[in-house]
Amino acid sequence: MATMHDDADALPVRALTVGDIGDALRRGYADFLAQPSHLLFIALIYPVAGVVIAQLTVSYNIFPLLFPLLAGFALLGPFAAIGLYEISRRRELHINSSWLHAFAVLKSRAIRPIATLGGLLTGLFLTWLLSAWLIYRWLMGDVPLTSAESFLVPLFTTINGWTLIVLGNALGLLFAILAFSISVISFPLMLDRHVGIATAVRTSIAAVEASPRAMMYWGLTITALLVLGTLPVLVGLMVVMPILGHASWHIYRKVVPR
């Protein structure tokens, strides 16, 4: 029986260029057009979950966590897209790649480290939420919340409100950089090469260090497209998420070639 490669050394990586990002997006879009039937089974999870989160936030009077919830949810994107990587991998090999094969990752030899790293990202997500809530309570905890206006007005018209915006976004950026660095190519690498978490994370960090400018543009591209996807009541994410998921596979392939 084959065993999973689990040394802790990073694999060799290629430098990513800004042009590679555009090519990866085009290839991701082609994957999406070639196999869009998986949309209802995978990509719909993201906007539906977002709507549910938003509704719960308003209903339970924790409106201050709405932005951290929606922004932090992107931290889980690399893990949520694992089925999309599998479809792109199969298309690359010219083998059957119907939407059902998105669930083939459940039978992968790498499912345990994939799930473990997914749990780590979930932990980062929850830590981000807790941090955001503690900062809010510290700076704005004495502001009564009776409506969205009662939160937004002091947020934009008081010193504490602006401090919350600056500090919260700065902390969120740190969480985003950490999550991006350890996961930008980790999941497709584990799926493709069956390496362990240590090797996957080290290789992902090495890829970011080898191409900081291009990786920064890739992170900004992801953020911009996710923001655009949320504008029509999150419905746009049904298209944005699968394209980004497929494109992430092609980013991985450009960094760690076959």
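Our subject is the structure listed above.
A. Main features of the pattern of salt bridges. Inspection of the entire model under this criterion finds ten salt bridges. With a shortest N-O distance of 2.9 Å, Glu86 and Arg89 are connected by a salt bridge. Of the two residues, Glu86 and Arg89 are both situated in helix 5 (residues 82-92); the distance of three residues between them amounts to about one turn of the helix. Grouping residues by exposure puts Glu86 and Arg89 together as buried. Between Arg258 and Glu92 there is a salt bridge, with the nearest N and O atoms lying 3.8 Å from each other. Placement of Arg258 in the segment after helix 12 (237-255) and of Glu92 in helix 5 is noted, with a sequence separation of 166 residues between them. When its relative accessible area of 18% is taken as the criterion, Glu92 is described as buried. Several salt bridges share partner residues, and in doing so they unite Glu92, Asp192, Arg193, Arg253 and Arg258 into one network.

B. Spotlight on helix 12. If you check helix 12, its first and last C-alpha atoms are 26 Å apart, about what 19 residues at 1.5 Å a residue would give, namely 27 Å. The buried fraction of helix 12 is high, at 17 of 19 residues.

C. The environment of Val227, seen in detail. Note that Val227 resides in helix 11 (residues 212-230). Residue class for Val227 comes out partly exposed when judged on its relative accessible area of 46%. Spatially, the C-alpha atoms of Val227 and Val240 are 9.6 Å apart, while their sequence positions differ by 13 residues.

D. Summary view of the environment of Leu25. One can find Leu25 in helix 1 (residues 18-34). Expressed as a C-alpha distance, the spacing of Leu25 and Ile243, which sit 218 residues apart in the sequence, is 7.1 Å. Those residues within four positions of Leu25 in sequence are excluded, and the remaining contacts are Trp218, Thr221, Leu225, Ile243, Leu244 and Ala247.

E. Representation of the packing of helix 9 (residues 186-193) against helix 12 in the model. Across the interface, helix 9 lies against helix 12 with an axial gap of 9 Å and an inter-helix angle of 70°. By the angle class used here, helix 9 and helix 12 are roughly perpendicular. Between helix 9 and helix 12, the contacting residues are Pro188, Leu189, Asp192 and Arg193 on the first element and Trp249, Tyr252 and Arg253 on the second. Of the residues belonging to the contact of helix 9 with helix 12, the class tally is four nonpolar, no polar and three charged.

F. Fine view of the packing of aromatic side chains. Throughout the structure, instances matching the rule amount to six aromatic pairs. With centroids separated by 5.6 Å and ring planes inclined at 35°, the aromatic side chains of Phe79 and Phe187 adopt a geometry described as tilted. Taken together, the positions of Phe79 in helix 4 (residues 77-80) and Phe187 in helix 9 put the pair 108 residues apart, joining distant regions of the chain. Accessibility expressed as a relative area gives 0% for Phe187, which makes it buried. Seen from their ring centres, Trp249 and Tyr252 are 5.1 Å apart, and the 55° between their planes marks the pair as tilted. Note that Trp249 and Tyr252 are positioned in helix 12 at a spacing of three residues, about one turn of the helix. In this structure Trp249 comes out as buried when scored by relative accessible area, which is 0%. Cluster of aromatic residues (ring-pair linked, three or more members): Trp133, Tyr136 and Phe151.

Cut-off values and rules
Residues numbered from 1 in each chain as written. Predicted model: local features only at pLDDT ≥ 70, side-chain atom pairs only at ≥ 80, totals over all residues. Heavy atoms only, no water. Salt bridge = Lys/Arg side-chain N within 4 Å of Asp/Glu carboxyl O. Helix = DSSP H or I, 4+ residues; strand = E, 2+ residues; numbered from the N terminus. Buried < 20%, exposed > 50% of the residue type's maximum accessible area, 1.4 Å probe, protein only. Expected span 1.5 Å × (residues − 1). Contact = heavy atoms within 4.5 Å. Axes fitted to C-alpha atoms, helices over the stretch in contact; angles between N-to-C directions. Parallel < 35°, antiparallel > 145°, perpendicular 65-115°, else oblique. Nonpolar A, V, L, I, M, F, W, Y, C, P; charged D, E, K, R; others polar. Phe/Tyr/Trp six-rings, centres within 6.5 Å; stacked < 30°, edge-to-face > 60°.

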